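# Fold and contact review
Okay, here's what each chain looks like letter by letter:
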Amino acid sequence: MSRLGDAWNALRGKKKEEPPVKTGEQTRMTPVPSAMGWGAYGGGYARASRVVWKWFDGEKSAGGMGPINRYTLDHDALRMRSWQLLIESEIVQIGINRWVTWAVGKGLKLRAEPDEDVLASMGIGIDKQVFSKQMEGLWKLYAANNWCSWSNMVNLQKIMWEAEKNALLGGDVLWIINIENGMPKIDLKDGAHVRSPLFSGVGTSMGMRNPETGNRVRHGIEFNDRGEHVAYYVYRGSGLYASPADALKYERIPARDQFGNVRAFMYYGIRYRLDDIRGIPLIAVCMETTKQLEMYKEATVEGAVERAKIAFSIEHELGSVGTNPLESNLARGFGLPTTQQGSDIPVDIAGQKLADTFAATTGRQAINLPPGAKVNATTPAQEAAFKDFYEPNMAIIFAALNIPIEVALMKFGSNYSASRAAIKDWEHTLEVQRESRIQGPYQTVYSVFMLCGVLMNRVQAPGFLEAFRRNDVWVLAAYTNAKWIGDRVPNIDEKKEVDATRALLGADSVNVPLITVEDAMERHSSNDFRNAIEQYEEEMEYCEEHGIERAESGERGAESDDESGEDKSGKGSGEREEGDDEQGE
């Protein structure tokens, strides 16, 4: 190659290139061309024959990652495939049901926490306890009754349940907050009905503009230059309540009313990119895997059924007579003769006698095999490997749905530490998802609910209306500040959790309460703290009226101390019962 290169350079009139010559610390470099020209970005020089320049796109070896795909999402197809998998795949149905059951559960409970310090700094004084009790009582009645929905059919918990399910499977769902009879009434619209109308001569569905407002409209959502949602377009020609007269009709639903209150918003499953204005199903990443795994399971089950129909086979050696040892049974079943006369079925008197004796004494059957014949039972070889292939793939799908497989299948067969780790991870996932997803709709509806309550004079909130008129977001946020409580994930061993926390705090904090009574009641029951205390007082007064005295606090403490410090029979203070170390393992 060197001589050929020299000859080529000679024909072109070029001199032979000399190798780099080192002179002390100096090294002569050879220019290397790049896609941007010679020496682009000041980095076009490299040591001759030692550096290879190339663009890096994440692929280390040519073809190792395949072609680069820039996806344009087909939201309608993704939505239909996702709903199809809910019907066809038990993995998807299990995952979605477990997610919604835990994330929404019985619905989030309101704990009103108006910020007294912020309100006081604005010159507004309120009684936090009175205000919170009033708001929590009104909200409890509102959320539990069907008149919180536009259809007057379901309560708020069921609305949130359907919204979460439709968002995870369909990609998104539209919340609409209507006002009727002085209260917000919620209407849900399937994301499939949110579509862009065809504005005549304005543009395509990917970049059209509303001729009246000048705002852009994409995928049924109108937004301004700041990216703020302005309105939503709902196609009335599809859905459960559509009629032929509604064909090609669209309803424009403003995102905010004339006072700036949120009246409609999109509730998403997951978002793909910032520039993508619609959501996609949660199972989009594992649709193909789930479908193929479902096909594998169905094929395995069908094959097992067919193989089960063939209980055994008869193998004949070379030189055997080739007869069927069960022919006599078949002949008797069809009423045919079983002797040599009129039939070619061989009958062995001794063998037949043995079979009759065996059946009479054991209730089973003995088969007299002809020479050279052997009966082989069918073994389920394919089904034996089903679990090793199916469960790992199922665990990956559940992981894509952010659900541990132990929680999804409600199966905790591991030791205490492994089960506790799975539950704690699931608890953290729930807390994050509730705060980032589910609390948003609750808080939005609660803000409108409080405004309606103040306007209808059901709620006493000094300075609220004045702040609303001048759009003082600080006062409004301080009034509507709230905490939303969902169903708690139970601990495997509550005492171990408490003892571990005590050990971290040190011995001096043994009498310090770790949580408040209200937090404890929210953790272990769904009862309201204040109502429970009032009910408890009424019950204790009723007991005293009937001669049942309350136990003194000192007596209860003494009994507790005595029980906790007393050595049990057969067990010293420093001894442990056998198996203590393995408890929970």
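Details of the structure are given in the entry above.
First, a word on what this report is: a plain description of the structure on this page. Values in this document were obtained by computation on a predicted structure and should not be read as measured data.

### Some details on helix 11 (residues 386–400)
For helix 11, with 15 residues, the first-to-last C-alpha span of 22 Å sits near the 21 Å given by 1.5 Å per residue. Within helix 11, burial applies to F386, Y390, M394, I397 and F398. Seen end-on, helix 11 carries its buried residues on one side only, within an arc spanning 95°. When the buried face of helix 11 is taken as reference, the exposed residues oriented beyond 90 degrees from it are D388 and I396. At the C-terminal side of helix 11, N402 shows a positive phi close to 65°.

### Quick word on the pattern of salt bridges
Taken as a whole and judged by the stated rule, the model has 16 salt bridges. As a salt-bridge pair, K106 and D487 come within 3.1 Å of each other at their nearest N and O atoms. Taken together, the positions of K106 in the loop between helix 3 (90–103) and strand 7 (109–112) and D487 in the loop between strand 20 (482–485) and helix 16 (494–505) put the pair 381 residues apart, joining distant regions of the chain. With a shortest N-O distance of 3.7 Å, E113 and R111 are connected by a salt bridge.

### Focus on the environment of E162
Secondary-structure assignment places E162 in helix 6 (residues 156–170). Judged by its relative accessible area of 38%, E162 falls in the partly exposed class. When the C-alpha atoms of E162 and V100 are compared, they prove to be 8.9 Å apart, with 62 residues separating the residues in sequence.

### Observations regarding helix 5 (residues 128–144)
Its 17 residues place the ends of helix 5 24 Å apart at the C-alpha level, agreeing with the 24 Å of an ideal helix rising 1.5 Å per residue. Turning to helix 5, its buried residues are F131, S132, M135, E136, W139, Y142 and A143. Along the long axis of helix 5, the arc covered by the buried residues comes to 130°, so they all point the same way. Those residues of helix 5 that are exposed and angled more than 90 degrees off the buried face are V130, K140, L141 and A144. Its side-chain oxygen placed 3.2 Å from the backbone nitrogen of Q129, D127 serves as the N-cap of helix 5.

### Describing the pairing of strand 15 (residues 264–268)
As a general feature of sheets, a regular strand has side chains that alternate between the two faces. By the criterion of burial, strand 15 is predominantly enclosed, with five of the five residues buried. Neither face of strand 15 is open: one carries A264, M266 and Y268, the other F265 and Y267, and all of them are buried. In terms of strand pairing, strand 8 (residues 172–180) meets strand 15 through five bridges, oriented antiparallel. Paired with I176 across the strands is A264, a residue of strand 15.

### Some thoughts on unusual backbone geometry
The backbone phi angle of N152 is positive, close to 55°, even though this residue is not glycine. Structurally, N152 is set in the loop between helix 5 and helix 6. Accessibility expressed as a relative area gives 41% for N152, which makes it partly exposed. The backbone of N402 shows a phi angle near 65°, a positive value even though the residue is not glycine. Structurally, the position occupied by N402 is in the loop between helix 11 and helix 12 (405–409). When its relative accessible area of 36% is taken as the criterion, N402 is described as partly exposed.

### Considering the sheet that holds strand 14 (residues 250–254)
Within the open sheet, the five strands sit side by side as 10-11-12-13-14. Their pairing is antiparallel. Only two strands of the sheet have a single neighbouring strand rather than two, namely strand 10 (208–209) and strand 14. Judged from the three bridges that link them, strand 12 (residues 221–223) and strand 13 (residues 229–235) form a sheet pairing that is antiparallel. If you follow I221 over to strand 13, its bridge partner there is Y232.

### Section: the sheet that holds strand 15
The three strands are arranged 9-8-15 in an open sheet whose pairing can be described as antiparallel. Whereas interior strands pair on both sides, the edge strands pair on one side only; in this sheet they are strand 9 (183–190) and strand 15. Between one strand axis and the next, the sheet turns by 30° as a mean value, whatever way the strands run. Docked against the sheet, helix 6 engages strand 8, strand 9 and strand 15, running at close to 150° with respect to strand 8.

### Re the environment of W175
The residue W175 is located in strand 8 in this model. On the accessibility criterion, W175 (1% relative accessible area) is buried. Here the alpha-carbon distance between W175 and D190, two residues 15 residues apart in the chain, equals 9.2 Å. In contact with W175, not counting residues within four places along its chain, are I159, M160, A163, I186, D187, L188, R263, A264, F265, Y267, P441 and V445.

### Thoughts on a nonpolar patch on the surface
Among the surface-exposed residues, V498, L505, L514 and I515 lie close enough to one another that they form a single nonpolar patch of about 290 Å² accessible area. With respect to the helices and strands, L514 occurs in the loop between helix 16 and helix 17 (517–524). Take L514: its relative accessible area is 36%, and that puts it in the partly exposed class.

### Describing the packing of helix 2 (residues 75–88) against helix 7 (residues 287–309)
Running from N to C, helix 2 and helix 7 point in directions that differ by 30°, and their axes come no closer than 11 Å. Considering the angle they form, helix 2 stands roughly parallel to helix 7. Two packed elements cross with a definite hand, and for helix 2 against helix 7 that hand is left-handed. Counted together, L78, R81, S82, Q84, L85 and E88 of helix 2 and M287, T290, K291 and E294 of helix 7 form the full contact between these two elements.

The rules behind each value
Residues numbered from 1 in each chain as written. Predicted model: local features only at pLDDT ≥ 70, side-chain atom pairs only at ≥ 80, totals over all residues. Heavy atoms only, no water. Helix = DSSP H or I, 4+ residues; strand = E, 2+ residues; numbered from the N terminus. Expected span 1.5 Å × (residues − 1). Buried < 20%, exposed > 50% of the residue type's maximum accessible area, 1.4 Å probe, protein only. Arc of directions from axis to C-beta. Salt bridge = Lys/Arg side-chain N within 4 Å of Asp/Glu carboxyl O. Polar contact = N/O pair within 3.5 Å; in protein donor to acceptor, adjacent residues only side chain to side chain. Pairing = 2+ DSSP bridges. Axes fitted to C-alpha atoms, helices over the stretch in contact; angles between N-to-C directions. Contact = heavy atoms within 4.5 Å. Patch = residues over 30% accessible without salt bridge, like charges linked within 9 Å, V, L, I, M, F, W, Y side chains within 5 Å. Areas by Shrake-Rupley, 256 points an atom, 1.4 Å probe, with all protein chains shown as cover. Parallel < 35°, antiparallel > 145°, perpendicular 65-115°, else oblique. Left-handed = near helix turned anticlockwise from the far one by under 90°.

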